[in-house]
Amino acid sequence: MGSIFRLADAFNIEKVIFSGSPINLKSNRLRRTARGTFEKVDFDYTENILETIESYISKGYKPVALEITSDSVQLDQLKLTFDSKILLIIGNERHGISEMVLDAVQTKVHIPMFGNNSSMNVSQAAGIALYEFSKTFLTFRQK
């Protein structure tokens, strides 16, 4: 969780929304890893992730699930525009994104991997996705 806060700060993410188990801000591990960013990054907790996704869709956000599925495309193939508003959905370490959420989200992307393992740490995957998104936005700014 601390790494997610640091990434959100590094990429100037508007808000981080947690679902599932409530976040423990008193955790020493989280505090060490976050290095104070949990005090700077806006965050919230939701018990109803589907309702939250629908709320963001109504505000013009495009939900994008970061998960290898039968219909996911490579992350770098996702077409974004300068004004794209992305709601990046990442799963937990053990179970990934629930089927219920995957069924509710049209756009699914995955990170191509070349080793024998089929998954990576959630914060590493989030960092790769955020970097890939930022390349698109930087390209548009330079034009």
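Reference entry: report on the structure contained in this document.

Conventions we followed
Residues numbered from 1 in each chain as written. Predicted model: local features only at pLDDT ≥ 70, side-chain atom pairs only at ≥ 80, totals over all residues. Heavy atoms only, no water. Pairing = 2+ DSSP bridges. Helix = DSSP H or I, 4+ residues; strand = E, 2+ residues; numbered from the N terminus. Salt bridge = Lys/Arg side-chain N within 4 Å of Asp/Glu carboxyl O. Buried < 20%, exposed > 50% of the residue type's maximum accessible area, 1.4 Å probe, protein only. Phe/Tyr/Trp six-rings, centres within 6.5 Å; stacked < 30°, edge-to-face > 60°.

Ordered in space as 4-6-3-5, the four strands form an open sheet in which the pairing is parallel. Among the strands making up the open sheet, the edge pair consists of strand 4 (73–74) and strand 5 (86–89). One ladder, built from four bridges, connects strand 3 (residues 62–66) with strand 5; its direction is parallel. Paired with Pro63 across the two strands is Leu87, which belongs to strand 5.

Another aspect to go through is the pattern of salt bridges. All told, the structure shown has three salt bridges when counted by the stated rule. A salt bridge links Lys15 to Asp44, with the shortest nitrogen-to-oxygen separation between them at 4.0 Å. Of the two residues, Lys15 sits in the loop between helix 1 (2–10) and strand 1 (16–19) while Asp44 sits in strand 2 (residues 43–46), which places them 29 residues apart along the sequence. Overall, the relative accessible area of 39% leaves Asp44 in the partly exposed class. A salt bridge links Asp71 to Lys108, with the nearest nitrogen and oxygen atoms 3.3 Å apart.

This brings us to the packing of aromatic side chains. To describe a pair of aromatic rings, you give the distance between the ring centres and the angle between the ring planes. One pass over the full model with this rule turns up five aromatic pairs. Judged by centre distance (5.6 Å) and plane angle (50°), the ring pair of Phe5 and Phe18 falls under tilted. Of this pair, Phe5 sits in helix 1 while Phe18 sits in strand 1, and the two are 13 residues apart along the sequence. An identical accessibility class is assigned to Phe5 and Phe18; each is buried. Between Tyr56 and Tyr61 the ring centres are 5.1 Å apart and the planes differ by 75°, which places this aromatic pair in the edge-to-face class. A relative accessible area of 12% means that Tyr56 is categorised as buried. The class for Tyr61 is buried, based on a relative accessible area of 12%.

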